[in-house]
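Secondary and tertiary structure notes
Here is what each chain is made of, one letter per residue.
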Amino acid sequence: QVRLVESGGGLVHPGGSLTLSCAASGSTINIYNMAWYRQAPGKQRDLVAAITAGGISTYANTVKGRFTISRNTATNMVYLQMNSLKPEDTATYYCKTRTGIGNWGQGTQVTVSS
């Protein structure tokens, strides 16, 4: 029983920064590989970044060098630091275990516009 709740989205200008948070409850997520996904209206959900239980991260080519995924074991949280944001980053962002355990939450909306 893993519940995941995303927060931290908002409206930012191109080149701006934003930090997203994923709060897990119901069970520890320490043993799971975690990931951030995003979905724009009318498009499919895409993997943005992933982090292993040991803290090793990987990124989609579109965000590599701009986004950083991290996790805090003590607080049962996962984060996504987004820098140098572009209009094409506009989407609803979701966090999820890589195994599929846990709910798909409401996500958090990120809008990048001048």
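What counts, and at which threshold
- Residues numbered from 1 in each chain as written.
- Predicted model: local features only at pLDDT ≥ 70, side-chain atom pairs only at ≥ 80, totals over all residues.
- Heavy atoms only, no water.
- Helix = DSSP H or I, 4+ residues; strand = E, 2+ residues; numbered from the N terminus.
- Buried < 20%, exposed > 50% of the residue type's maximum accessible area, 1.4 Å probe, protein only.
- Contact = heavy atoms within 4.5 Å.
- Areas by Shrake-Rupley, 256 points an atom, 1.4 Å probe, with all protein chains shown as cover.
- Lys, Arg positive; Asp, Glu negative; His and termini not counted.
- Charge placed at Lys NZ, Arg CZ, Asp CG, Glu CD.
- Disulfide = S-S within 2.5 Å.
- 1 Å grid on protein atoms, 1.4 Å probe; cavity = no way out; pocket = protein on both sides within 12 Å on 5 of 7 lines; lining within 4 Å.
- Points joined across faces, edges and corners; volume = space filled by probe spheres on them.
- Nonpolar A, V, L, I, M, F, W, Y, C, P; charged D, E, K, R; others polar.
- Phe/Tyr/Trp six-rings, centres within 6.5 Å; stacked < 30°, edge-to-face > 60°.
- Pairing = 2+ DSSP bridges.
- Core = buried A, V, L, I, M, F, W, Y, C linked by side-chain atoms within 4.5 Å.
- Axes fitted to C-alpha atoms, helices over the stretch in contact; angles between N-to-C directions.

Secondary structure summary: the chain contains 0 helices and 10 strands in total. When burial is assessed residue by residue, the chain has 40% of its 114 residues classed as buried. Long-range contacts, defined here as pairs at least 24 residues apart, represent 55% of the contacts in the chain between residues at least 6 apart. Accessible surface, the chain: about 5900 Å² in total, of which carbon and sulfur atoms supply 49%. Each charge sign in the chain was given a centre, from 10 positive and 4 negative side chains, and these centres are 6 Å apart.

Summed over all chains, the structure comprises 1 disulfide. The side chain of C22 participates in a disulfide bridge whose partner is C95; the two sulfur atoms lie 1.9 Å from each other. Taking the torsion about the sulfur-sulfur bond, which here is approximately 65°, the covalent link between C22 and C95 counts as right-handed. With C22 in strand β3 (residues 18-25) and C95 in strand β9 (residues 91-97), the pair connects residues that are 73 residues apart, well separated along the chain. Side by side, C22 and C95 carry an identical accessibility label, which is buried.

Right, let's talk about the layout of surface pockets for a bit. Considered as a void within the structure, the largest pocket measures approximately 160 Å³ in volume. Contributing to the lining of the largest pocket are R38, Q39, A40, K43, Q44, D46, P87, E88, T90 and A91. Residue composition of the lining of the largest pocket, by class: 3 nonpolar, 3 polar and 4 charged.

All told, the structure shown has 2 aromatic pairs when counted by the stated rule. On the numbers, 5.4 Å between centres and 70° between planes, the contact of Y37 with W104 is edge-to-face. Residue Y37 is located in strand β4 (residues 34-39), and its partner W104 is located in the loop between β9 and β10 (108-112); the two are separated by 67 residues in the primary sequence. Pairing Y94 with W104 gives two aromatic rings, centres 6.0 Å apart and planes at 85°, and the pair type is edge-to-face.

Burial of strand β7 (residues 67-72) is one-sided: the residues F67, I69 and R71 facing one way are buried, the residues T68, S70 and N72 facing the other way are not. The hairpin formed by β7 and strand β8 (residues 77-82) contains 4 residues between the paired strands, and N76 there has a positive phi angle of roughly 60°.

Moving on: the nonpolar core. In terms of nonpolar packing, the biggest core is built from 27 residues, with W36, L80, M82 and Y93 touching the most fellow members. Listed by contribution, the elements that provide at least two residues to this core are β3, β4, β5 (46-51), β7, β8, β9 and β10. Among the elements that make up this core, the one with the highest residue count is β3 (4 residues).

Attention shifts here to the sheet that holds strand β2 (residues 10-12). Where strands meet in a sheet, backbone hydrogen bonds hold them as pairs that are either parallel or antiparallel. If you trace the 6 strands from one edge of the open sheet to the other, you get β2-β10-β9-β4-β5-β6, paired in mixed fashion. The sheet terminates laterally at β2 and β6 (57-59), the two strands that pair on one side only. The mean inter-strand angle of the sheet, taken between neighbouring strand axes irrespective of direction, is 25°. Where β9 meets β10, 3 bridges bridge the pair, whose relative direction is antiparallel. Along β10, the bridge assignment pairs A91 with V110.

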